[in-house]
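The primary structure of each chain is shown beneath.
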Amino acid sequence: MAPEAAAVSEPEEQRVSGIGQRKADHLAICANEDVGFRHFSTLFEEVRLVHDALADLDERTVDTSCTLLGKKLRAPVIIAAMTGGTDEAGSVNRELARIAEEKGLGFGLGSQRAMLVRPETASSYRVRDVAPTTLVLGNVGVVQAKAMSNDQLRALVGDVGADALCVHLNPAMELVQPGGDRDFSGSLDTIARLVADLHIPIVVKETGCGLSPEVGRRLRNVGVQNLDVSGAGGTSWVGVEAKRAEVAGDSASKSLGETFWDWGIPTAASVALLAPLRFRSLIATGGVASGLDVAKALVLGASAAGIARPILKALRAGGPAGATASIDAIVRELRAAMLLTGSRDVRALGRARRVIKGELALWIDQLSGH
Ligand SMILES: Cc1cc2nc3c(=O)[nH]c(=O)nc-3n(C[C@H](O)[C@H](O)[C@H](O)COP(=O)(O)O)c2cc1C
């Protein structure tokens, strides 16, 4: 059953009618333009794993499997939330969900906002026929969730057969987006309601600016158990919106976006600072570029890593075979990192020794315990 449209107000409906174009812009900009962070990184380069020259392991038996949000994955990797709402988005979702099923990875749907007022777009989010056993994550913005009833949100998840609902936080991107959301009040209360009432696993997710330990504590205090840090250093969503503002001739928004292009908490810092809070799942998305980064994220305390734009680019450049090859490379690199740190499985990898240097050490030193 698709969520009812009736509870969505008129101005919201007008905004949502622009979603198709925005989704198309996002896919095109992310696939074709340079929207990575410019001067700052994830800080994964500040983590050195300790080489084990005497690993007592057979590479063929290294076990990359893990359990995330109640489902078994063959590797601790999620194809992170990207799209939905248009025919093109539907093809991307189906192609990537099929690969997630084949490789035993998790798969995130993009924001399901479009389904709210245009139920006919629901098919672009439905991937269960090609990904029957995959961990599939639904997605909604916290600002939209605030305006929705529990029944509407349950219907959103139920319609696509998702295993959990990601509630995304994206204030920086919205501030730069011409006509974007400006009112973020009540976000924590909304999340508290969803956690208490929905009886569906909730993942609170940023979109490229990271989550601080203070935000982690506030979320944990209202019962949140799963986070996706989606930190800084990969795709700049402020940058994506700055590009859109430029095309729209909105020089004020473009200028705001240029100033805040590199805003956010680096992914590695976010993971390292949140790990001591012991969330049930801590997903490291944002600029994860290799299986070595996945390994570093797990050593810092993540349960899994998420990858968005690099997989979209691989899909655009080489079709499903290209995306599959990029995922195979990541898993190969992860296996190598596990063998070379003497880690038999992902639990052992989580205990592997590391040296943290430079700016990452500063983030940890100055924000730990605050
Ligand atoms: C084309 C595209 C669309 C995205 N749309 C969403 C979305 O609808 N909801 C969401 O939570 N995150 C969305 N994201 C953000 C990603 O899930 C991820 O948090 C962010 O891009 C950082 O990861 P990356 O550096 O691997 O791209 C999108 C990312 C891309 C590339």
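Described below are features of the structure shown in this document. Not measured: the values here are computed from a predicted model. (Residues numbered from 1 in each chain as written. Predicted model: local features only at pLDDT ≥ 70, side-chain atom pairs only at ≥ 80, totals over all residues. Heavy atoms only, no water.)

Observations regarding the overall build of the protein chain
Helix and strand counts for the protein chain stand at 16 helices and 12 strands. Across the 370 residues of the protein chain, 56% fall into the buried class. The contacts in the protein chain between residues at least 6 apart in sequence include a share of 80% that link residues at least 24 apart. Of the roughly 15,300 Å² of accessible surface on the protein chain, a fraction of 52% belongs to carbon and sulfur atoms. Of the charged side chains in the protein chain, 41 are positive and 43 negative; the average position of the first set lies 5 Å away from that of the second. (Helix = DSSP H or I, 4+ residues; strand = E, 2+ residues; numbered from the N terminus. Buried < 20%, exposed > 50% of the residue type's maximum accessible area, 1.4 Å probe, protein only. Contact = heavy atoms within 4.5 Å. Areas by Shrake-Rupley, 256 points an atom, 1.4 Å probe, with all protein chains shown as cover. Lys, Arg positive; Asp, Glu negative; His and termini not counted. Charge placed at Lys NZ, Arg CZ, Asp CG, Glu CD.)

Points about empty space enclosed by the protein
For the structure on display, the rule yields two cavities of 30 Å³ or more. Counted as a void, the largest cavity has a volume near 40 Å³. Every residue along the wall of the largest cavity is listed here: Ile78, Ala80, Ala81, Gly108, Leu109, Leu137, Gly138, Asn139, Cys166, Lys205 and Asp228. Residues of the lining of the largest cavity, tallied by class, amount to six nonpolar, three polar and two charged. (1 Å grid on protein atoms, 1.4 Å probe; cavity = no way out; pocket = protein on both sides within 12 Å on 5 of 7 lines; lining within 4 Å. Points joined across faces, edges and corners; volume = space filled by probe spheres on them. Nonpolar A, V, L, I, M, F, W, Y, C, P; charged D, E, K, R; others polar.)

Concerning the site of the ligand
Taken together, 24 residues are adjacent to the ligand, and Ala81, Met82, Ser111, Ser230 and Thr235 come closest. Within the side chain of lysine 23, a nitrogen or oxygen atom sits 3.5 Å from an oxygen atom of the ligand. Between the ligand and tryptophan 237, the relevant distance is 3.2 Å, taken from an oxygen atom to a side-chain nitrogen or oxygen of the residue. Across the complex, the protein chains shield 97% of the 600 Å² of accessible surface that the ligand would expose by itself. Sorting the residues of the shell around the ligand by element identifies α2 (19-32) and α14 (309-340) as the ones contributing at least two each. (Near = heavy atom within 4 Å. Polar contact = N/O pair within 3.5 Å; in protein donor to acceptor, adjacent residues only side chain to side chain.)

A few points about the packing of aromatic side chains
Taken as a whole and judged by the stated rule, the model has one aromatic pair. The ring of tryptophan 261 carries arginine 38 above its face, with NZ or CZ at 3.5 Å from the centroid. (Phe/Tyr/Trp six-rings, centres within 6.5 Å; stacked < 30°, edge-to-face > 60°. Lys NZ or Arg CZ within 6 Å of the ring centre and 35° of its normal.)

Description of the sheet that holds strand β6 (residues 136-141)
On the basis of which strands lie adjacent, the closed barrel formed by eight strands has the order β4-β5-β6-β7-β8-β9-β10-β11 and parallel pairing. Sheet twist, expressed as the mean angle between neighbouring strand axes with direction ignored, is 25°. On top of the sheet, helix α12 (residues 267-274) reaches β9 (226-228) and β10 (281-285); it is set at about 170° to β10, its chief contact. (Pairing = 2+ DSSP bridges. Axes fitted to C-alpha atoms, helices over the stretch in contact; angles between N-to-C directions.)

Some thoughts on the packing of helix α6 (residues 150-160) against helix α8 (residues 187-197)
At a minimum axis separation of 11 Å, α6 and α8 run at an interaxial angle of 70°. Judged by the inter-axis angle, α6 sits roughly perpendicular to α8. The way α6 lies across α8 gives a crossing that is right-handed. Residues Asn150, Leu153 and Arg154 of α6 pack against Arg193, Leu194 and Asp197 of α8. For the contact of α6 with α8, the residue count by class is two nonpolar, one polar and three charged. (Parallel < 35°, antiparallel > 145°, perpendicular 65-115°, else oblique. Left-handed = near helix turned anticlockwise from the far one by under 90°.)

Quick look at the pairing of β10
Across the five residues that make up β10, a large majority, five, are buried. Residues Ser281, Ile283 and Thr285 of β10 are buried on one face, and the alternating residues Leu282 and Ala284, pointing to the opposite face, are buried as well. Where β9 meets β10, three bridges bridge the pair, whose relative direction is parallel. Bridge assignment links aspartate 228 to a residue of β10, and that residue is isoleucine 283. Relative to strand β11 (residues 304-307), β10 runs parallel, the two sharing three bridges.

A few points about the nonpolar core
Counting residues in hydrophobic clusters, the biggest one holds 107 residues, and the most contacted among them are Leu96, Leu153 and Leu227. At 10 residues, α14 tops the list of elements feeding residues into this core. Ignoring sequence-local partners within four residues, the contact set of leucine 227 consists of Val203, Val204, Leu211, Gly216, Leu219, Leu274, Phe279, Ser281, Leu282 and Ile283. (Core = buried A, V, L, I, M, F, W, Y, C linked by side-chain atoms within 4.5 Å.)

Topic: the pattern of salt bridges
For the structure on display, the rule yields 17 salt bridges. Between lysine 103 and aspartate 328 there is a salt bridge, with its nearest N and O atoms 2.9 Å apart. Placement of the pair is lysine 103 in helix α3 (residues 87-103) and aspartate 328 in helix α14, with a sequence separation of 225 residues. Among the residues examined, lysine 103 registers a relative accessible area of 21% and is labelled partly exposed. For aspartate 328, a relative accessible area of 27% translates into the label partly exposed. Connected through shared salt-bridge partners, Asp25, Glu241 and Arg244 make up one network. (Salt bridge = Lys/Arg side-chain N within 4 Å of Asp/Glu carboxyl O.)

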